[in-house]
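# A look at the structure
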Amino acid sequence: MSKRDVPRFHLHTSLPARKPRGHKLVIRLARGSKASSLAETGHLNAKVVRNRRSNPDRQRRQRELWRWSLLWLIIVSVVGSMVVGGTLLLTRLPPPANCQRISPLSTDSERLYCAQLAAQSGEFEQLLNAIAIVQYWSPNHSLYPQAQQLLREWSERVLQFARETLNQGNYTDALKMAMQIPVSSPLYPEAQAQIATWKQERIEAQAIVSQVQDALKVQNWQQAAKLISQLSRFNDQYWSVSRYDTLTQQLAAEKQAWTQLQEARDLAQSNQLAKIEQAIALAAKVDPNSYIKAQAQSDLSNWSRTLLKIAATRFQNQEYQGVIEVAQGIPINTSLYQEAQDWLRLGQAGKLVQQNTILAFIDALTAVRQLDDNSPVQPLTAAQAIQWEAQLQDRLQLRLAQMTASFEQRPLLQMAIDQATLITPDRPQRIEAQTHIAQWRKQIQHIDDRNTLRTAQQLAAGGTIDQLNAAVTQARKIEPGQPLRPEAQTSITQWNRQIETLEDQPILDLARAFAQRRDLIAAISTANQIRPGRMLYAEAQSAIAQWVAQIQTAQDRPILEAAAALAAQGRFDAAIATAAQITPERALYQQAQAAISQWQFQQNGG
């Protein structure tokens, strides 16, 4: 390392005055090798030792100089520290007061600081607390100017709170707020003037509002509108804006309510049920806060009473569904609503009764028994309940009879009839009971007739004339109009035919026997004994016709043969005249006519 690379440190020390020349101690430190550093250090130490040995007095004087220099340095340092500390104490602000621990012993500056801090929240109570701290400070107080400036600011905020409260319609609270501004506040005169203005405007505005309400009560819309417009001249927003808008809306609502009521009255004048129901529905929509509502309520009561009279008439006519519909048309905000609900329950109970079942009667009675004893419908309900209870008893009696008759046995059917007969003629179920009685009697008659017909069938099974006649006599016991009468008549007809067959068959057999013996006249005479309408009459007549044809054929065959012989001789006129002797009712008539036609053709040269 060169000498230029070694840093130099110069230590200057002052020598006593008698030796003006000082000595400079130069120490060179090399950054190079360790050996060089040690060599230089050793050289320096050797040089210092030589100096110390050579000059002991000089060393003693240097030590004393160092002691005095160190003493003065300590003194200067202490004084400088005190000066700096004092300067900082004078220029630094005092530490902020702890407002959570403020006490009567706290300084006014601390109180003022805490008041400012509290007022910064903007809350009304905090503003009052801040005002309370400074309102009694005298003009001689050192912080009075600053406190007055803050008091004005805080009072202005309090007064603004009061104005906002008044605009919201809370007059009493607004006055209380404004009166919180103390006399010591610079804003006190303004606050008192504002309070006086509010009071005066309130008196005047309340008088106007009262007059508006009087005009609305008598439907004097023009006067009400004129009075409402006067509120716009007030400076207070509560009267000129809020109350003005409110009254304007009230005027519009009153007009609308009046229009609705007039429309409802026009509908109700027709006295038609549908129109009255529409009128009630329209009048029920009238604003409940309007003065028109009282008139609407009166009309609603009258129209509702009309509907209830209609409901009563329908109930008497047992038009229970109509009762329900009418009762449902009465709105809840009328004095007759509860009575309408009672009619509704009564109509529903009547509709249940129309089902004519035991369960329906029980449900109906349960419903009407829930009605209040003080209800106007109660007398009718009590009478109706008695009637329905009687109907229920009859229904139970009839139900028992029906169960008895369901076995379809003659003794049980008779027992059912006896049970149903207990329902007297004045009871509502009497008609139904009589219907069942008639049905059960028919069932009994059917059972009796079935037994009678079964006996007749058993008699007819023998097949003899006497047995068949007995069966017919037995079957004729089933009188006309009875269910088995047609079946009995069919059996009787069948059995009569059997009887006729048994009676006429020997006659027909005899006639056929005569015919076999060629005694056709006797055969015909015997067969004619079978009268018309008898079972074998048609068969007998058929046999007679055959036998008559045989006789006629035997009688007319010679005539036809004679005519044929004449025709063979060319005597067509004689042949035709001879064949014409056979009349139309004769058996060979058709054959004779055919021959005549042929001969006439031949005669004409055909």
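First things first, this report covers the structure right here in the doc. For clarity, every value in this text was computed on a predicted model and none was experimentally measured.

### What about the overall build of the protein?
Of the regular secondary structure elements, the protein holds 23 helices and two strands. Within the protein, the fraction of its 606 residues that count as buried is 33%. For the protein, contacts bridging at least 24 residues in sequence account for 56% of all contacts bridging at least 6. A total accessible area of about 37,200 Å² is found for the protein, and carbon and sulfur atoms account for 53% of it.

### Regarding the packing of aromatic side chains
Scanning all chains against the criterion turns up three aromatic pairs. Both rings, one in Phe-124 and one in Phe-161, keep their centres 5.6 Å apart while their planes meet at 75 degrees; by these two values the pair is edge-to-face. With Phe-124 in helix 4 (residues 124–134) and Phe-161 in helix 5 (residues 144–167), this residue pair connects regions lying 37 residues apart in the sequence. On the basis of relative accessibility, which here comes to 15%, the residue Phe-124 falls in the buried class. By relative accessible area, which is 25% here, Phe-161 ends up partly exposed. Ring geometry for Phe-315 and Tyr-320: centres 5.3 Å apart, planes at 65 degrees, overall edge-to-face. Here Phe-315 and Tyr-320 have matching classes, each one buried. Cluster of aromatic residues (ring-pair linked, three or more members): Phe-315, Tyr-320 and Trp-343.

### Some thoughts on the side chain of Ser-185
Note that Ser-185 resides in the loop between helix 6 (171–178) and helix 7 (188–217). Classification of Ser-185 as buried rests on a relative accessible area of 4%. Within the structure, the side chain of Ser-185 is placed 2.6 Å from the side chain of Ser-155, a separation counted as a polar contact.

### Remarks on unusual backbone geometry
With a phi angle near 60 degrees, Asn-356 is a residue other than glycine that sits in the positive phi range. Among the secondary structure elements, Asn-356 is positioned in the loop between helix 13 (337–353) and helix 14 (358–368). For Asn-356, a relative accessible area of 28% gives the class partly exposed. Phi angles above zero are rare outside glycine, and Arg-518 is one such case at about 70 degrees. With respect to the element layout, Arg-518 can be found in the loop between helix 19 (485–516) and helix 20 (520–527). Assessed through its relative accessible area of 73%, Arg-518 is described here as exposed.

Rules behind the numbers
- Residues numbered from 1 in each chain as written.
- Predicted model: local features only at pLDDT ≥ 70, side-chain atom pairs only at ≥ 80, totals over all residues.
- Heavy atoms only, no water.
- Helix = DSSP H or I, 4+ residues; strand = E, 2+ residues; numbered from the N terminus.
- Buried < 20%, exposed > 50% of the residue type's maximum accessible area, 1.4 Å probe, protein only.
- Contact = heavy atoms within 4.5 Å.
- Areas by Shrake-Rupley, 256 points an atom, 1.4 Å probe, with all protein chains shown as cover.
- Phe/Tyr/Trp six-rings, centres within 6.5 Å; stacked < 30°, edge-to-face > 60°.
- Polar contact = N/O pair within 3.5 Å; in protein donor to acceptor, adjacent residues only side chain to side chain.

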